[in-house]
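Residue-level listing of the chains:
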Amino acid sequence: MTTAVPAVPDSALADTLLARLTEVYPAAGDPFRAQEMVAYMKGVAPFLGIRTPERRALSRTVIDGTPRPDEADCTAVALRCFALPEREYHYFAVDYLRRHVRRCSSGFLPVARRLVTTDSWWDTVDHLAAHVVGGLVAADPKLAARMDEWIEDDDVWVARTALLHQLRFRDATDTERLFAYCLRRAGDTDFFLRKAIGWALREYAKTGPDEVRAFVEENRGRLAPLSVREALKHF
């Protein structure tokens, strides 16, 4: 399934943030730590070598005094950060979107998909799924139909996003859709899809334990052992 690449809009706010980011992040990098991070993340992207607490403190400095963004600003910041090679810039974009997703409309979903499919790995995809894509769907339930398309996608990270987008929905979870998605990808051999199925079920079990237990028992023959173990981890 091909999707048009979103354009990067003009944004004075993005200009300011990127100028600050590309000044303070590299200055705080540690080449030795960067190599450790690259190894831990299986070489998905280069790193500057900034630990999370330090990175978040630097990010607060970068954002300090800037206005709240609109959707175009969020788009520009996210796409420009993800165009940079080092992973810390991607993390900044994800954190920024988590903070401001309510300022984005359903039209932001193609941008979110672009981010999900850029240098894809669990460290960015899972936050985008639960906090950005999930936030967009919660605000506009009509986007659930797009998740029905994503669960069919050949890109495992797009499908994983569909599986995980309801992680924070709790009582608002569409259980019929959740269970259907789990069964739709239950036959996949990919580790990240099997893990996501179990994680999505385990998270919903905090709200509907009896429903999850019944679903797993009924479908043990279809679900991978990994998915079952993850789903029932806290029973």
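The structure we're discussing is the one just above.
J.: I'd like to hear about helix H11 (residues 191–205), residue by residue, with values.
T.: Each full turn of the α-helix corresponds to 3.6 residues, which orients residues three or four apart in the same direction. Over its 15 residues, H11 extends 21 Å from the first C-alpha to the last, a length consistent with the 21 Å expected when each residue adds 1.5 Å. Turning to H11, its buried residues number three or more, namely Phe 192, Leu 193, Ala 196, Ile 197, Gly 198, Ala 200, Leu 201, Arg 202, Tyr 204 and Ala 205. Buried residues belonging to H11 abut helix H7 (122–139), helix H9 (156–164), helix H10 (175–184), helix H12 (209–218) and helix H13 (225–231). The backbone nitrogen of Phe 192 has a side-chain oxygen 2.9 Å away, supplied by the residue at the start of H11, namely Asp 190.

J.: Run through the side chain of Arg 33, naming residues and quoting values.
T.: Along the chain, the position of Arg 33 falls in helix H2 (residues 31–40). Among the polar contacts made by the side chain of Arg 33, one reaches the main-chain carbonyl oxygen of Gly 49 at a distance of 2.9 Å. Look past the residues within four positions of Arg 33 in its chain and what remains in contact with it is Gly 49, Ile 50, Arg 51 and Glu 54.

J.: Mind laying out the pattern of salt bridges, listing which residues take part and the relevant values?
T.: Side chains carrying opposite charge are able to pair once their charged atoms draw close together. Scanning the model with the defined rule gives 17 salt bridges in all. In this structure, Glu 230 engages Lys 195 in a salt bridge whose closest nitrogen and oxygen atoms are separated by 3.0 Å. Here Glu 230 is found in helix H13, whereas its partner Lys 195 is found in helix H11, with 35 residues between them in sequence. The class for Lys 195 is partly exposed, based on a relative accessible area of 26%. One salt bridge connects Arg 213 with Asp 210, and the closest N-O pair in it is separated by 3.2 Å. Linking Arg 213 with Asp 210, this pair stays in helix H12, spanning 3 residues, or about one helical turn. Accessibility expressed as a relative area gives 36% for Arg 213, which makes it partly exposed. Through salt bridges with shared partners, a single network forms among Asp 148, Asp 174 and Arg 177.

J.: Would you mind going over the packing of helix H6 (residues 109–116) against H7 in detail, with residue names and values included?
T.: Two elements in contact, H6 and H7, have axes separated by 10 Å at closest approach and are oriented at 175°. By the angle between their directions, the pair H6 and H7 is classed as roughly antiparallel. Only Val 125, Leu 128, Val 132, Val 133 and Leu 136 of H7 make contact with H6, whose side of the interface consists of Leu 109, Ala 112, Leu 115 and Val 116.

J.: Tell me about the packing of helix H5 (residues 87–100) against H7, and please be specific about residues and values.
T.: At a minimum axis distance of 10 Å, the contact between H5 and H7 shows a crossing angle of 10°. Here H5 lies roughly parallel to H7, going by the angle between them. Side by side, H5 and H7 meet where Arg 87, His 90, Tyr 91, Val 94, Leu 97 and Arg 98 of the first sit next to Asp 123, Thr 124, His 127, Leu 128, His 131 and Val 132 of the second. Of the residues assigned to the contact of H5 with H7, the class counts are 5 nonpolar, 4 polar and 3 charged.

Rules behind the numbers
Residues numbered from 1 in each chain as written. Predicted model: local features only at pLDDT ≥ 70, side-chain atom pairs only at ≥ 80, totals over all residues. Heavy atoms only, no water. Helix = DSSP H or I, 4+ residues; strand = E, 2+ residues; numbered from the N terminus. Expected span 1.5 Å × (residues − 1). Buried < 20%, exposed > 50% of the residue type's maximum accessible area, 1.4 Å probe, protein only. Contact = heavy atoms within 4.5 Å. Polar contact = N/O pair within 3.5 Å; in protein donor to acceptor, adjacent residues only side chain to side chain. Salt bridge = Lys/Arg side-chain N within 4 Å of Asp/Glu carboxyl O. Axes fitted to C-alpha atoms, helices over the stretch in contact; angles between N-to-C directions. Parallel < 35°, antiparallel > 145°, perpendicular 65-115°, else oblique. Nonpolar A, V, L, I, M, F, W, Y, C, P; charged D, E, K, R; others polar.

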